[in-house]
Each structure stands twice: as C-alpha cells, then as structure tokens.
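Next come the chains, spelled out residue by residue.
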Amino acid sequence: MRPMPFAAILSIAFAAGCAAPEQAKDTVSADAAATPASDPGPAGRPMGKIGADQVGKVSPVPAFKGFGEHWGIEIQATGERSHQVELTWGSGSEKASGTVDYKGQPADAPGSLIVLSGELATKQGAKPMVVEISRKDCTDDGDGAHRHSVQVTVEGLPQMRGCGDLAMY
C-alpha cells in the first residue's frame, strides 16, 4: 500500500467537514448554547476586541504589572473601563485591593499617558487612588528593561514610582 499524500488527506478531511448537514439559522444546538466560542460584547464582537467605534470608549489597559522599590501593583480589566487593582507596599507587609476606571485621555495630557482613578480599600478605609501609566522605556533597579513607567498616588501614602508592562495580546 502506497502512503497517501498529505494534500489528499487534507482534502478528504475538509470535504468531510463540509458535508455535515446545516442546522437551521434560527436554532442553536444545546452544545453550542452551553459552550459559546467567545463571549460577544457590544455589536456582537468578542470581548477584548477593539473596533474603530470603541476607540476612547474602552480602557487601553487590559492588564498591567508594575513595581518599584518595596511596592508592586497588578491591574486587571473587569469591563470596558473598569479595573481591579491589587497594591502591595511596605516590602510586602501591606496589601489592599480596589477599583479604578479609565475616564478617557485627559485634555492637557500627552498621548502617551494613561490615567486610571478610583479607590483603594485600605485598613483605614477607602482612599482615593490615581494610577498614571506612561508609554516610555523604563529601567528597574536590576537593570531590567520595561516599556512603561508607572506612578501610583494613594491619599495618605507616599507616592510610588516605578516600571511595568502592559499585557500584550
């Protein structure tokens, strides 16, 4: 028996997939309803995809990790403009969570600046918080290169400056 060429095998597999009977367009199988391929967002696009009509309306921060001397921050998007924040400071002895929102590009700010503002739930109660992420190269204390610099301001705490990276999808 002669081995079948790869292209022939691929053609047979493709034809077999195309030969399946079509399902009515207005009905959905139980399997398809139980496990959607992606979670559609506004206008039927999968969440996380940015269309031209969404520019400036969704946060440019899907996820971010930043750190400086004796502190670190993790930011994770939870919606179009909302984010969950985990801040650790005091060499890890203090930790608090909070939420910040992207409210759009400030009118007087350079295009490379991303500003998120909200509240951090500390042991002393909720404190106003501002996170400023700048798109500029930053080198940490260990000579590691990062694509962003970050500044975190929380009422009642010393200002925190350091480096970080946005998640790349």
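All values reported here derive from a predicted model rather than from experimental measurement.

Rules of the game
All residue numbers refer to positions counted from 1 along the written sequence of the respective chain. Whole-chain, interface and lining totals are the exception, using all residues; otherwise, since this is a predicted model, local features are given only for residues with pLDDT of at least 70 and side-chain atom pairs are given and counted only at 80 or more. The side-chain figures draw on all heavy atoms in the structure; neither hydrogens nor water molecules are used. Per the convention used, a helix needs a DSSP run of H or I reaching at least four residues, while a strand needs a run of E reaching at least two, with both numbered from the N terminus. Partly exposed describes any residue whose relative accessible area lies between the buried limit of under 20% and the exposed limit of over 50%, with all areas from a 1.4 Å probe on protein chains only and scaled to the type maximum. Note on definitions: a residue-residue contact is assigned when non-hydrogen atoms from the two residues lie within 4.5 Å. Exposure was quantified through the Shrake-Rupley algorithm and a 1.4 Å probe, taking into account, for residues, occlusion by the shown protein chains and nothing else. A pair of strands counts as paired when DSSP detects no fewer than two bridges linking them. Per-residue confidence from the predictor is reported as pLDDT, which spans 0 to 100. When a carboxyl oxygen of Asp or Glu lies within 4 Å of a side-chain nitrogen of Lys or Arg, that pair is called a salt bridge.

1. Some remarks on the overall build of the protein
Scanning the protein for helices and strands turns up 2 helices and 10 strands. Along the chain direction, N to C, the helices and strands of the protein fall in the order α-α-β-β-β-β-β-β-β-β-β-β. For the protein, buried positions account for 28% of its 169 residues. Taking the contacts inside the protein whose residues are at least 6 apart along the sequence as the reference set, 30% of them involve residues at least 24 apart. Summed over all atoms, the accessible surface of the protein reaches about 11300 Å², with 57% contributed by carbon and sulfur.

2. Comments concerning the pairing of strand E6 (residues 125-134)
As paired elements, strand E5 (residues 113-122) and E6 share 10 bridges and run antiparallel to each other. Following the sheet pairing, Ala121 is matched in E6 by Ala126.

3. Points about the confidence of the model for the protein
Averaged over all residues, the pLDDT of the protein equals 76, while 65% of them reach at least 70. The least confident element of the protein, judged by mean pLDDT, is helix H2 (residues 30-34) at 41; the most confident is strand E9 (residues 148-154) at 97. The low-confidence segment residues 6-54, where pLDDT is below 50, has 23 contacts with residues more than four positions distant or belonging to other chains.

4. Quick notes on the pattern of salt bridges
Tallied over the full model, the rule gives 1 salt bridge. Two residues, Lys123 and Glu94, come together in a salt bridge whose shortest N-O distance is 3.8 Å. Of this pair, Lys123 sits in the loop between E5 and E6 while Glu94 sits in strand E4 (residues 94-102), and the two are 29 residues apart along the sequence. The exposure class of Lys123 is exposed, given its relative accessible area of 67%.

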